[in-house]
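Structural description and commentary
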Amino acid sequence: MFPAPRLVKYSPFPNDTMVFRTFSARRNQSYGVLVSLVAPYPGAVMYGKLGDFPNETDYDFKKEVTWDDFIAKTVPPHGDVHMTYTVLQPDTAGDNGTEEYTIGLQVDGCPPEGCPYSVDITRLDCVFWDPGIDAELGSWKRDGCRVSPASTLAHTVCLCDHLTGFGTSGGTEPNRINFKTVFSKFQDLVNNYAVWTTMVVVMGMYFVMIYPARRKDKADEQKWSIKNVHGNRRRHRSRFLVRVDTGHDWGAGTRSKVVFVLTGDKGSTGPRSFQQDDMTFQTGGVNTFLLTTPQKLGGLTSLTVWHDNSGEGRHASWFLERVEVTDLHTNKKTQFVCNDWLGVEHGDGCLKKTLPPTAETDVSLGQRFSLKLREKFKDGHVWLSVVTSRPKSYFSRVQRLSCCVCLLFCKMITSAMWFRGAGQGASSVVLTIGSVELTAETLLVSLWTTLQVFPVNFIIVQIFRRCRPKGVPTSSGLQLPYWSVYVAWTLLVLTTLASGFFLMLYSMEWGRDKSTQWLTAFGLSFLQSMVVFQPAEPLTGWSELEETEHAQLKQQRAERKNWLQLTNNGRQCILGIIIITAAILMVHEVWSPSAPAINQGLKAGFSNGTNLVKTQKDVLPWLEGAFARKLYPTHQYNGDALDWRDSMFISGMPAYRVGPVRLGQFRARTGMCDVAKPALHANKTCVMPYVSGIAGEAAASFPESSPETFIHVVHGMMGSYGGPGYRVNLGEMQAEMMETLRILKANRWIDPYTTALVLDLTLYHVNANLFSTVCVLFEFPPSAGAIVTLKVSTFPLTAQGMAPNILFVAKSVFVACLLYVIIRLVKNARQEGRSFILQVWTIVEVASVVTSLYVIGAMASKDAFAGKAKSLISQELKKEQRSFVDLTDVAFWTDQFTAAVAMVIWLNLVKICSLLRVSARVRTYLDTLINIRMQLLGSLAIFILTVMGFSMLGYLLFCPYVETFRSLSAATVGLTFLPWGEVSYDVLATPSELVGPLFLFASGFTILYLMLSFTAGVFVSATSAMMGENGRGKVAAAKQRKNRLAKAAREARVAVPPARNTLHYCNCDEGNECFGQTHTAETQV
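Residues numbered from 1 in each chain as written. Predicted model: local features only at pLDDT ≥ 70, side-chain atom pairs only at ≥ 80, totals over all residues. Heavy atoms only, no water.

We now examine the overall build of the chain. Each helix and strand counted, the chain has 21 helices and 36 strands in total. Looking at the chain residue by residue over its 1085 residues, the buried ones come to 41%. About 60,200 Å² of surface is accessible on the chain, with carbon and sulfur atoms providing 60% of the total. (Helix = DSSP H or I, 4+ residues; strand = E, 2+ residues; numbered from the N terminus. Buried < 20%, exposed > 50% of the residue type's maximum accessible area, 1.4 Å probe, protein only. Areas by Shrake-Rupley, 256 points an atom, 1.4 Å probe, with all protein chains shown as cover.)

As enumerated under the stated definition, the model contains 2 disulfides in all. The partner cysteine of Cys126 in its disulfide is Cys158, sulfur to sulfur 2.1 Å. Looking along the S-S bond of the Cys126-Cys158 disulfide, the torsion reads about -85°, which is the left-handed sense. Here Cys158 lies in strand S12 (residues 158–160) and Cys126 lies in strand S9 (residues 116–130), a separation of 32 residues in the sequence. (Disulfide = S-S within 2.5 Å.)

Let us look at the pattern of salt bridges. Taken as a whole and judged by the stated rule, the model has 19 salt bridges. A salt bridge links Lys862 to Glu589; the shortest N-O distance between them is 3.5 Å. In this pair, Lys862 is assigned in helix H15 (residues 840–877) and Glu589 in the loop between helix H9 (550–587) and helix H10 (595–606), connecting sequence segments 273 residues apart. Per residue, the accessibility class of Lys862 equals that of Glu589, and both read buried. As a salt-bridge pair, Glu845 and Lys911 come within 3.2 Å of each other at their nearest N and O atoms. With a gap of 66 residues between them, Glu845 in helix H15 and Lys911 in helix H16 (residues 888–914) connect regions that are remote in the sequence. The residues Glu845 and Lys911 share a single accessibility class, namely buried. Via salt bridges that share partners, Glu589, Lys811, Lys862 and Asp863 belong to a single interconnected network. (Salt bridge = Lys/Arg side-chain N within 4 Å of Asp/Glu carboxyl O.)

Taken as a whole and assessed by the stated rule, the structure comprises 25 aromatic pairs. Taking the centre distance of 4.7 Å and the plane angle of 25° together, the rings of Phe260 and Phe274 count as stacked. In this pair, Phe260 is assigned in strand S16 (residues 258–264) and Phe274 in the loop between strand S18 (272–273) and strand S19 (286–293), connecting sequence segments 14 residues apart. Exposure class is identical for Phe260 and Phe274. Each is buried. (Phe/Tyr/Trp six-rings, centres within 6.5 Å; stacked < 30°, edge-to-face > 60°.)

What follows concerns the sheet that holds strand S22 (residues 332–342). Taken together, 5 strands build an open sheet; the order of strands is S14-S19-S15-S21-S22 and the sheet is mixed. The open sheet is flanked by strand S14 (227–228) and S22, the only strands paired with a single partner. (Pairing = 2+ DSSP bridges.)

Turning our eyes to something else, we now look at the packing of H15 against H16. Between H15 and H16, the shortest axis-to-axis distance is 8 Å and the interhelical angle comes to 155°. In terms of orientation, H15 and H16 fall into the roughly antiparallel class. As for the relative orientation of H15 and H16, their crossing is left-handed in sense. Tallied by class, the residues present in the contact of H15 with H16 amount to 19 nonpolar, 8 polar and 4 charged. (Axes fitted to C-alpha atoms, helices over the stretch in contact; angles between N-to-C directions. Parallel < 35°, antiparallel > 145°, perpendicular 65-115°, else oblique. Left-handed = near helix turned anticlockwise from the far one by under 90°. Nonpolar A, V, L, I, M, F, W, Y, C, P; charged D, E, K, R; others polar.)

Our focus in this paragraph is unusual backbone geometry. Backbone geometry places Asn331, a non-glycine residue, at a positive phi of 60°. The topology assignment puts Asn331 in the loop between strand S21 (318–327) and S22. The phi torsion at Asn339 lies on the positive side, around 55°, for a residue other than glycine. In this fold, Asn339 is placed in strand S22. Take Asn339: its relative accessible area is 22%, and that puts it in the partly exposed class.

A few words on the packing of helix H13 (residues 804–832) against H15. Two elements in contact, H13 and H15, have axes whose closest approach is 11 Å; the angle formed by their N-to-C orientations is 145°. Once H13 is placed against H15, the crossing between them reads as left-handed. Contacts between H13 and H15 involve Lys811, Phe814, Val815, Leu818, Val821, Ile822, Arg824 and Leu825 from the former and Thr842, Glu845, Val846, Val849, Ser852, Leu853, Val855, Ile856, Met859 and Asp863 from the latter. Here the contact of H13 with H15 is built from residues that sort into 12 nonpolar, 2 polar and 4 charged. (Contact = heavy atoms within 4.5 Å.)

Turning our attention to helix H18 (residues 933–958). Between the first and last C-alpha of H18 there are 36 Å, a value that for 26 residues agrees with the 38 Å anticipated at 1.5 Å per step. Here H18 has its buried residues at Ser939, Phe943, Thr946, Val947, Phe950, Ser951, Gly954 and Phe958. (Expected span 1.5 Å × (residues − 1).)

As a further point, take the confidence of the model for the chain. With 75% of its residues at a pLDDT of at least 70, the chain reaches an overall mean of 77. Per-residue pLDDT, averaged within each element of the chain, yields its smallest value for strand S36 (residues 1074–1083) (35) and its largest for S16 (93). The model gives residues 532–549 a pLDDT under 50, and that stretch makes 54 contacts with residues more than four places away or in other chains. Throughout residues 1055–1085 the model reports pLDDT below 50, and contacts reaching past four residues in sequence, or to other chains, amount to 35 contacts. (pLDDT = per-residue confidence, 0-100.)

This brings us to the pairing of strand S4 (residues 44–50). In terms of burial, S4 is largely enclosed, as 7 of its 7 residues are buried. Because side chains alternate across S4, one face comprises the buried residues Ala44, Met46, Gly48 and Leu50, and the other comprises Val45, Tyr47 and Lys49, equally buried.

With that settled, the discussion passes to the side chain of Arg662. Position of Arg662 among the secondary structure elements: in strand S27 (residues 661–667). Apart from residues no more than four positions distant in its own chain, Arg662 is found in contact with Arg727, Val728, Asn729, Val758, Leu759, Asp760, Phe884 and Asp886.

With respect to the secondary-structure elements, Pro633 resides in the loop between helix H11 (619–631) and strand S26 (655–657). For the pair Pro633 and Ile650, spaced 17 residues apart in sequence, the C-alpha to C-alpha distance is 6.3 Å.

See the structure below:
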């Protein structure tokens, strides 16, 4: 009956002791009042008064609610919420039976930080089923039934004076306007500006858009005119009306010259061309032509259509949807369905189509559905049809735009009628998209308001659609007289003005805050109305054009392919720039310029003294000394004692601790030593190497230590640590930590079986609004010693430095671009098949798509864990004994999101740079790389073998002395990046004064000079060879120049025989009769 309450802070008005909730009460009507409260010891007094605000002495209804009257219910994120339910039956007065009723709530025992509350009201009815004379025409009636005051939140008790089948009904009352006081609130019109300024902006945009809509209507009227087909004559006996529908795909229109041949069983028209201009055959257009023929064609058997591909750019190809030919003598219509492209770059690349007559039964169900869906969606959707409507329609674009404004105002007023503010309760959030929260109640109210505004707007739209201008003959179907358009305009204007007037009254009744809340929540209803609501000459001479020759068509295909490649490259470049821009804006949500400095400062502060940790027993002294001084400062730099405010921050940085510090331990297993018996006793026990996920030896048991399974794996230098372990909370204050460390030392919690210790703490930086997680990992290998790894992650829990709306737009643009790229990839893969999938740039595109999908997943995970973290922090701050605040998941997904965005930016930059391959020089180098790929693979194999050889040698020589060569893998990585990284000169300090320098010189010289020089030599030689073959090398060019000069000299010494040139002339007389002449002349070369 009631939705989940939306709690607000209990804050009475100044000089008052209670909060108020007003609603409209009806005569003989019962109402259920639900009071929700969050308080340690809930107690409240509820007052009610008709027509005025109640107080402690003047009221019509009073009820004291004690602890026993409340029931507890868990409502996230508030935890336990106490609820009490009351049935209210106000005694209304007045002829209309409706009057304002105000409930006052006075909460007792509210703590200083406040107690959230809500007051929800619903209408209750007890009804019985009256079958009447006919059982099928029965109805529910209220006579003789009323709601009992003994009703509870779970059950409604009905009292009826007759034995019939009865039931209950409940519903939320719409918001009402108090006309007695609302007009006096117009004095605050300047401050309460949100709603009326929105209406002014909407109407201003409407009047601005009327001008281009009217211009488009005039252009559509010009398209209505029936054009002639070249070759029409007045004396022709047969006349046809040809309707040509152009598709709605992108670039479907054409400016090429279109020719057709219409063939019947008694004759043919021959090649005829349409009379065209810039407005003919536009995308989604419908053009009508008059065709005349000297003889009857009989039954139409085929239609052949082609064009000369003379249009510029994207106006060369044509998507022909269908052609309908109507015989004006017999009024018989013949339809030819094409639904395909006529273009050199689409499908089979043909410019010519021969279409047979198509009956409705010949068209498949899918094609019929597709054609109808396109037509209805483009012309029948109220919002889209303002731009995409068919030219031949009496429902003008100005009328459509006006209907959209009327629909918008109707949606606004109905949404205001059912809007529930923050203090009235709301459903729990079921979906969050950026800064937009969707609730179940919002969806239902949006659907209900859509059904409310449907009838009046449907009537207005249908009048406009079915009304014909004066003098236009009516066609089949229901048509309205021309004066009906004035009725439609009157309804539209009155509906819009009435909606705007009452919306203004609602905003004055609510006040500024609630009006702003409604305006923010109205977006979903407006979006649903857009998506769901559906209220749809001179005669010319005969011209015969021949079809394009095969050679010319081949040349046109090549030119068209080059143009498409150029435009496609430009489109990809723009798309890549948009994706990069959106990604950069998105990453600003988690990026802060203060984060690098904070990370560097934390690493420097918490790594102080870790070099003194050599064994397990050195960890506790470090915690008591350097770590405690960093975490719990007591004196300033000049020696003065810190006050209690400054002691909340860590040393040297304005960051304070969030929750206690946590210390974790991973323990190793024990086992028999795997050594020969003569070396040790057979029963000697050894510490086994640590294996992640396997429990080790049990640690000392005491209350402060608890066994726990580590969900997050911690990665160190020697391995990864996760699974079973032990954890201890060291406390928030220095005294608590020192006492816990004393207990750990007394119980020998850290012993030789301790493989690793993990120290975690969470910090909040006040000045930068950032959180930091600090993880100090101590690893103790079985061979003794200690390895310290420090990891710091700094991140925000809320968006940094950018408005939420801009961030939401950036995310929406990123997702839209990703969907476009996916659709384009799938379309190209279906058209080109396996060859497209195996292309290099397709693989790059797929990698970019996969990484972008990972960005979306990481962003969703980050937002989800950030929401949980904020709720956890707010709950822990209310506790006296706090637990550790773990933000590891937020830090992990923030790092993943940042890295994935960087990868997306890099891949899109690679795609943009790939567009340079249209350059001849760049293509030459790419061809060179393809030709020498085997030589490069050979060079790479030699490079790998050389690095592996030096790695093995360095590992064997310097493993005990140099950190870089502690393992074979570390040595391989260090030598691989030797030419580009920092050179480790620790090998020079080894015991052997000759081996170290010799090894460093040999490895550096071999890897850096010989290998790279060898690879460069292969590349240069192959490039020179290829350029020489193409005549572009210097040596080859000089040789070719010398050969040309020698050949020219030889030809000059040889006499050339006379050649006969035959010239042809073609002359035409005044009657356009042409005759030919031939002239022959002797010429000497």
